[in-house]
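So the chains spell out like this:
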Amino acid sequence: DLQGSVPVFSSGLWGGVIILGNAPLNIDGGEAIIEGIPITEPRAVYGGTIADDNSGILKYVSIRHGGTLIGEGNEINGLTLGGVGNETTIDQIEVVANLDDGIEFFGGTVNATNLFVWAVGDDSIDIDQSYSGTIDNTMIVLGDISDHAFEIDGPEGTFEDEFTLRNATLIGNTSTDGGEFADFRSGARGLVE
C-alpha cells in the first residue's frame, strides 16, 4: 500500500508520458504515428532529420501506475520517447508499476541518464527504430509479470544507427514464464558496456 491509497502493484490507472520529436528513426518515410494515440491525431506524428532536436527537459520525475490499455497490443508506456533528439535532457526518471513497457525509445538520438524501472508488465527498457543515443546508469527491478529488462529491436528500414547502453544493474526473478534479462532481436545494433 502506498500512502494508504494506491496498492503498490496497481497499474493501468492512467496513460503515461509521451514526448515526440523530430530526430531520425528507422522507418521508411522518416516519420511515424506513435502507438497509444489515434492515427487521426496530427500531434501523434514523430521523427524527422534533426539529430540535435530539443524537446525540453524531463528531470527528477516519477511516473507511477500508468499504461492504460487502449486496445489489444496498444498500451501506453510509462515514458514514450518518439524521435527525440540529443539536445533534450532525460535524467533521474523513475517508472513504477506500469502496465506495459517502462521506457520505450522509438528512434531518436536522445541520451538518458539515471533511470530506474520497477515491476512493469512488459519490458523495462525497449529500443526500436534504430535509436542511436546513450542510456547510462540504469537500475531495473523485474516484477512477477515483467517480460524482459531490455528488448532491443533491429532496424525496420534502410537507415541504420547504433545505441550505447552502459552501467546497468538488473535485479530479477525466475518466476515469469519466458522472462529474460535481455532480448536482442532482428539484427539489433549497438554497444553494451
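Quick look at the structure, then. (Residues numbered from 1 in each chain as written. Predicted model: local features only at pLDDT ≥ 70, side-chain atom pairs only at ≥ 80, totals over all residues. Heavy atoms only, no water.)

**Details of the overall build of the chain**
Applied cut-off: In this text, helices come from DSSP runs of H or I with a minimum length of four residues, and strands from runs of E with a minimum of two, each type numbered from the N-terminal end. The rule is simple: take the accessible area with a 1.4 Å probe, protein chains only, and divide by the maximum for that residue type; under 20% is buried, over 50% is exposed, in between is partly exposed.
Helices and strands together make up the secondary structure of the chain, namely zero helices and 16 strands. Taken over 193 residues, the chain has a buried fraction of 46%.

**Some points on the sheet that holds strand 9 (residues 103-106)**
Condition: Strand pairing is defined by DSSP finding a minimum of two bridges between the two strands. Only the stretch in contact is used when a helix axis is fitted, and all axes are lines through C-alpha atoms; the angle between N-to-C directions ranges over 0 to 180 degrees.
The strand order 1-7-9-11-13-15 describes an open sheet built from six strands, whose pairing is parallel. At either end of the open sheet lies a strand with only one pairing partner, and these are strand 1 (17-20) and strand 15 (180-185). Within this sheet the neighbouring strands show an average axis-to-axis angle of 5°, counted without direction. Taken together, the four bridges between strand 1 and strand 7 (residues 79-82) define a ladder with parallel strand orientation. Within strand 7, the position partnered with Ile19 by the bridge is Leu81.

**Description of unusual backbone geometry**
Positive phi, normally seen in glycine, also occurs at Tyr60, with a value near 55°. Among the secondary structure elements, Tyr60 is positioned in strand 4 (residues 57-64). For Gln129, which is not glycine, the phi dihedral falls at a positive 55°. Structurally, the position occupied by Gln129 is in the loop between strand 11 (125-128) and strand 12 (134-141).

**Here we look at the sheet that holds strand 10 (residues 112-118)**
Spatial strand order, 4-8-10-12-14-16: six strands in an open sheet with parallel pairing. Unpaired on one side and paired on the other, strand 4 and strand 16 (190-192) mark the two borders of the sheet. Averaged over neighbouring strand pairs, the angle between their axes works out to 15° when direction is ignored.

**Details of the nonpolar core**
Rules: The term nonpolar core refers to a set of buried residues drawn from Ala, Val, Leu, Ile, Met, Phe, Trp, Tyr and Cys, joined through side-chain atoms within 4.5 Å. Contact between two residues is taken to exist if any of their heavy atoms lie within 4.5 Å; hydrogens are not considered.
With 27 residues, the main nonpolar core has Leu79, Leu81, Ile90, Ile103, Phe105 and Ile125 as its most contacted residues. Leu79 has contacts with Val17, Ile19, Leu58, Ile63, Ile90, Ile93, Gly102, Ile103 and Glu104, leaving out every residue within four places of it along the chain. Among the nonpolar cores identified, the runner-up in size contains six residues, and Leu25, Ile34, Ala44 and Tyr46 belong to it.

**A short note on the pattern of salt bridges**
For clarity, the threshold we go by: One side-chain nitrogen of Lys or Arg within 4 Å of one carboxyl oxygen of Asp or Glu is enough to make a salt bridge.
One pass over the full model with this rule turns up eight salt bridges. Glu41 is the salt-bridge partner of Arg43, the closest N and O atoms lying 2.8 Å from each other. Here Arg43 falls in the exposed class, since its relative accessible area comes to 67%. Between Asp153 and Arg185 there is a salt bridge, with its nearest N and O atoms 2.9 Å apart. Remark: Arg185 occurs in strand 15 and Asp153 occurs in strand 13 (residues 148-153); sequence separation between them is 32 residues. Judged by relative accessible area, Asp153 falls into the buried class, the value being 12%. Overlapping salt bridges, with partners in common, bring together Glu151, Asp153, Asp183 and Arg185 in one network.

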